[in-house]
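Each chain, letter by letter, is given below.
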Amino acid sequence: MTQYKTIAESNNFIVLNEYTRYSKVNEAPFVYQTECDLEQEFIQDLIDQGYEYLSNLTTGAAMLANARIQLQALNNMVFTDNEWARYVEEYLDKPSDSLVEKTRKIQDNHIYDFVFDDGHIQNIYLVDKNNITRNKLQVISQFEQKGTHTNRYDVSILVNGLPLVQIELKKRGVAIREAFNQVHRYTKESFNTDNSLFKYLQIFVISNGTDSRYFANTVQRNKNSFDFTMNWARADNTLIKDLKDFTTTFFQKNTLLHVLLTYSVFDTSNTLLIMRPYQIAATERILWKIRSSYELKQWSDTESGGYIWHTTGSGKTLTSFKAARLATKLDFIDKVFFVVDRKDLDFQTMKEYQRFSPDSVNGSESTVGLKRNIEKEDNKIIVTTIQKLNNLMKSENDLPIYQKQVVFIFNEAHRSQFGEAQKNLKKKFKKFYQFGFTGTPIFPENALGAETTGSVFGRQLHSYVITDAIRDEKVLKFKVDYNDVRPQFKGIESEQDLKKLSAAENKTALLHPARIKEVSQYILQNFRIKTHRSQGSNQGFNAMFAVSSVDAAKCYYEELNRLQKGNEKPLKIATIFSFAPNEEQNAKGEIPDETFEPSAMDSSAKEFLTKAIHDYNAMFGTSYGVDSKEFQNYYRDLAKRVKSREVDLLIVVGMFLTGFDAPTLNTLFVDKNLRYHGLLQAFSRTNRIYDATKTFGNIVTFRDLE
């Protein structure tokens, strides 16, 4: 395995590599503390960390007066009484402001151009995001506020006089969910009352002494669930739960301010997302690697990059987005490329980025468009595919961007990035730093060729694997059913040495008509049970069926439709696959880049896809085709109909599986043949993870236990 030497070491991370937990938390008198004693000790710990305690600040008027003092100090100016009243009315506590507007003022619009009485204009900052240490942290307790009911809040953290963090405590032994329920009740009863600066709250912290969690003050009430609470953790994902330890780490002033002002995202759905510790750790380490490599002038090789191993469904898009955005703020970086390896994901990824920030994405439909976007100076982030980037590098020998400081972030670091495009990238770009995000890294033991994720991208910078996600209860439980439908195929299917399986043997056994028929019958007979659809009802979920090749997709598509011909309510079945084989490698272990041009299909595949799209058009009254543009529209329409449950069963081929991540899916049928190609590593949807790396049945079913 490739060995790496350390380029630079840094302990300036807010997610700590090492932390020695407080040793006395499980001893008396801690175990028998009252809630009041717990609160007083917590406040004292904050004071010891440099927070200013305002013991007498308990009213709205007092909070507003303190905010005036803090904002004047931050902005190095003084309001007259008239100017302050006008500033409050116009901006700080504008009567029409809701929680949404208040959150946006902290996350996006924290600077206000205020016109003073003498006519001069000055930028008034609510917070300083460039120099975090200039922000003043204060703590108050037992603040009382009346809405539909009068509530008294345990502990509040003020940043420049504004309450941005609220802590609710319960004594040890009381269920932490009680503190969560109390926060939820306060949100409805008093936090968001008129003329309340508590509309500025960004983060809630709940603790019963032995378990401490944080979560965003999101405006999406369906997101306001206990399942979205998070423990703080070390870089190795060890949880930090006890309040004493949580206070020392999470409430360290620099850490809290970074979580609030750097590692939060207010998306276009008006949902505030506070990043989880592993997401922050990964982002920090990418930024550290870029800076240290730049300072050492050590770029354009594996020493200057690395990869992030975060399990499928853990929020890699948000992590990569924040890493890309923060990388653009490094003054020596000229462009950040976010690269996907399939055109199907280009559309999906564009939408994900635009959901977080519409202005952060400048996509391109062609190589010409990509070149034009690179030349623009108004946007430092480029979203593109590995194919378009490779075509650009092959057709353009001398672009200015080749000499500039460039960051490449690869979403899903698959084998298709190990080939020609990777060689061209290293040949053309002179000062680049590249990072790969993957839920399924390639190691020497599972590599089909010479290259591994580490040999292409560099060292592993951070990991958050399936066992971490299960421990943190961030994924739902799932059940795996193994089904040996035809015993005579068992010998060849249990053979794990690929060299012993010729293409003819695979086709004879795994695509045998008898096997295809029995697998298809199993799916049709068990579909309603596996997708939680009651008798005579379509309420429930839909499903995917993952197969290894276009030939397999064709066989199953035709057999499934043949078996249900004449049914009163047949399943609506559709299929999708890319035009170039994902799994085939050349002698050097490389995979050719996928293409979406019809010329890449053989006549048999094109004929099958034409028929499948014709069936789809008849089913839904559409008019799509196999030409490149029409196929893209077909894909997008299909993705939409899968999400809305208009399609019951979607047959996907190999790696194309990850192009669909719809929350209506709860069942995945997997053809045993797929295991041999090493393509199906994981399948996910929102908060669900399915691992198919150890498949031993002819047909495997993954389904939720809901």
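The text that follows walks through the structure, step by step, so that each part is easy to find. (Residues numbered from 1 in each chain as written. Predicted model: local features only at pLDDT ≥ 70, side-chain atom pairs only at ≥ 80, totals over all residues. Heavy atoms only, no water.)

**As for the overall build of the chain**
So, point 1. Along its length, the chain carries 21 helices and 26 strands.
So, point 2. Long-range pairs, those at least 24 residues apart, make up 71% of the contacts in the chain with a sequence separation of at least 6.
So, point 3. In the structure as shown, the chain presents an accessible area of about 29800 Å², 48% of it carried by carbon and sulfur atoms. (Helix = DSSP H or I, 4+ residues; strand = E, 2+ residues; numbered from the N terminus. Contact = heavy atoms within 4.5 Å. Areas by Shrake-Rupley, 256 points an atom, 1.4 Å probe, with all protein chains shown as cover.)

**Some thoughts on the sheet that holds strand β4 (residues 137-146)**
So, point 1. Strand order in the open sheet formed by 6 strands is β1-β4-β5-β6-β7-β8, with mixed pairing between adjacent strands. Of all strands in the sheet, those with a lone pairing partner are β1 (52-53) and β8 (212-216), marking the two edges.
So, point 2. Bridge analysis of strand β5 (residues 150-159) against strand β6 (residues 162-169) gives 5 bridges, and the strand direction is antiparallel. Residue V155 lies in a different strand from β6, and its bridge partner there is I167. (Pairing = 2+ DSSP bridges.)

**Some thoughts on the packing of helix α18 (residues 513-530) against helix α19 (residues 550-563)**
So, point 1. The N-to-C vectors of α18 and α19 enclose an angle of 60°; their axes lie 9 Å apart at closest approach. As far as their axial angle goes, α19 and α18 are oblique. Crossing of α18 over α19 shows right-handed handedness. In this structure, α18 uses R515, I516, K517, V519, S520, Q521, I523 and L524 to contact α19, whose residues at the interface are C555, Y556, E559, L560, R562 and L563.
So, point 2. A class-by-class count of the residues in the contact of α18 with α19 yields 8 nonpolar, 2 polar and 4 charged. (Axes fitted to C-alpha atoms, helices over the stretch in contact; angles between N-to-C directions. Parallel < 35°, antiparallel > 145°, perpendicular 65-115°, else oblique. Left-handed = near helix turned anticlockwise from the far one by under 90°. Nonpolar A, V, L, I, M, F, W, Y, C, P; charged D, E, K, R; others polar.)

**Quick look at unusual backbone geometry**
So, point 1. The backbone of Q142 sits at a positive phi, close to 55°, despite the residue not being glycine.
So, point 2. Counting through the fold element by element, Q142 comes out in strand β4.
So, point 3. Even without glycine at this site, R645 takes up a positive phi of about 65°.
So, point 4. Taking relative accessible area as the criterion, R645 reaches 33% and is therefore assigned partly exposed. (Buried < 20%, exposed > 50% of the residue type's maximum accessible area, 1.4 Å probe, protein only.)

**Here's the deal with the nonpolar core**
So, point 1. Ranked by size, the top nonpolar core spans 107 residues in total, and within it Y87, I157, V165, W232, F251 and I290 carry the most contacts.
So, point 2. Ignoring any residue separated from it by four or fewer positions in sequence, one finds V165 in contact with V155, S156, I157, L201, I203, V205, F251, L256 and L260.
So, point 3. Residues A546, A612, F631 and V653 belong to the second largest nonpolar core, which totals 43 residues. (Core = buried A, V, L, I, M, F, W, Y, C linked by side-chain atoms within 4.5 Å.)

**Thoughts on the packing of aromatic side chains**
So, point 1. This model, assessed by the stated rule, comprises 47 aromatic pairs.
So, point 2. Judged by centre distance (5.1 Å) and plane angle (80°), the rings of Y402 and F429 are edge-to-face. Of this pair, Y402 sits in the loop between α12 (386-395) and β16 (405-411) while F429 is found in the loop between α13 (420-428) and β17 (431-438), placing the two residues 27 residues apart along the sequence. Each member of the pair, Y402 together with F429, is buried.
So, point 3. One aromatic cluster in this structure is built from F143, Y153, F180, Y186, F191, F198, F204, F215 and F226.
So, point 4. When the ring centre of F226 is taken as origin, the NZ or CZ atom of R177, which lies over that ring, is 4.2 Å away. (Phe/Tyr/Trp six-rings, centres within 6.5 Å; stacked < 30°, edge-to-face > 60°. Lys NZ or Arg CZ within 6 Å of the ring centre and 35° of its normal.)

**What about the pattern of salt bridges?**
So, point 1. Within the structure shown, the criterion is met by 25 salt bridges.
So, point 2. D97 is the salt-bridge partner of K105, the closest N and O atoms lying 2.4 Å from each other.
So, point 3. The exposure class of D97 is buried, given its relative accessible area of 6%.
So, point 4. Here R213 and D211 are joined by a salt bridge, their closest N and O atoms 3.1 Å apart.
So, point 5. Taking relative accessible area as the criterion, R213 reaches 14% and is therefore assigned buried.
So, point 6. Via salt bridges that share partners, D93, D97, K102 and K105 belong to a single interconnected network. (Salt bridge = Lys/Arg side-chain N within 4 Å of Asp/Glu carboxyl O.)

**Section: the environment of I516**
So, point 1. Its location among the elements puts I516 in helix α18.
So, point 2. The class for I516 is buried, based on a relative accessible area of 4%.
So, point 3. The residues touching I516, leaving out its near neighbours within four places in the chain, are L510, L511, C555, Y556 and E559.

**Brief notes about the pairing of strand β14 (residues 335-340)**
So, point 1. Burial of β14 is extensive: 6 of the 6 residues sit out of reach of the surface.
So, point 2. A two-sided burial pattern is seen for β14, the buried positions comprising K335, F337 and V339 on one face and V336, F338 and V340 on the other.
So, point 3. Note: β14 against β16, 5 bridges, orientation parallel. By the bridge assignment for β16, K335 is matched with V406.
So, point 4. Sheet topology places β14 next to strand β15 (residues 381-385); 5 bridges connect them, and they run parallel. What sits directly across from F337, in β15, is I382.

**Points about the environment of K423**
So, point 1. Positionally, K423 belongs in helix α13.
So, point 2. Residues K423 and N390, 33 residues apart in the sequence, show an inter-C-alpha distance of 9.5 Å.

**Some thoughts on the environment of N160**
So, point 1. Take N160: it is sitting in the loop between β5 and β6.
So, point 2. Distance from N160 to L71, taken between C-alpha atoms, is 6.0 Å for residues 89 residues apart in sequence.
So, point 3. If sequence neighbours within four positions are ignored, N160 has contacts with A67, Q70, L71, L74, L126, V127, R134, N135 and K136.
So, point 4. Within polar-contact distance, the side chain of N160 engages the side chain of N135 at 3.0 Å. (Polar contact = N/O pair within 3.5 Å; in protein donor to acceptor, adjacent residues only side chain to side chain.)

**Digging into the sheet that holds β16**
So, point 1. What the 6 strands build is an open sheet, ordered β15-β14-β16-β17-β13-β18; its pairing is parallel. Among the strands making up the open sheet, the edge pair consists of β15 and β18 (460-464). Across the sheet, the axes of successive neighbouring strands diverge by a mean angle of 15°, strand direction being ignored.
So, point 2. With respect to the sheet, α13 is in contact with β16 and β17, its orientation differing from that of β17 by roughly 155°.

**Description of the side chain of R213**
So, point 1. Structurally, R213 is set in strand β8.
So, point 2. There is a polar contact of 3.2 Å between the side chain of R213 and the side chain of T229.
So, point 3. For R213, the residues in contact, after removing those within four places along its chain, are I176, F204, V205, I206, F226, T229, M230, N231 and F246.

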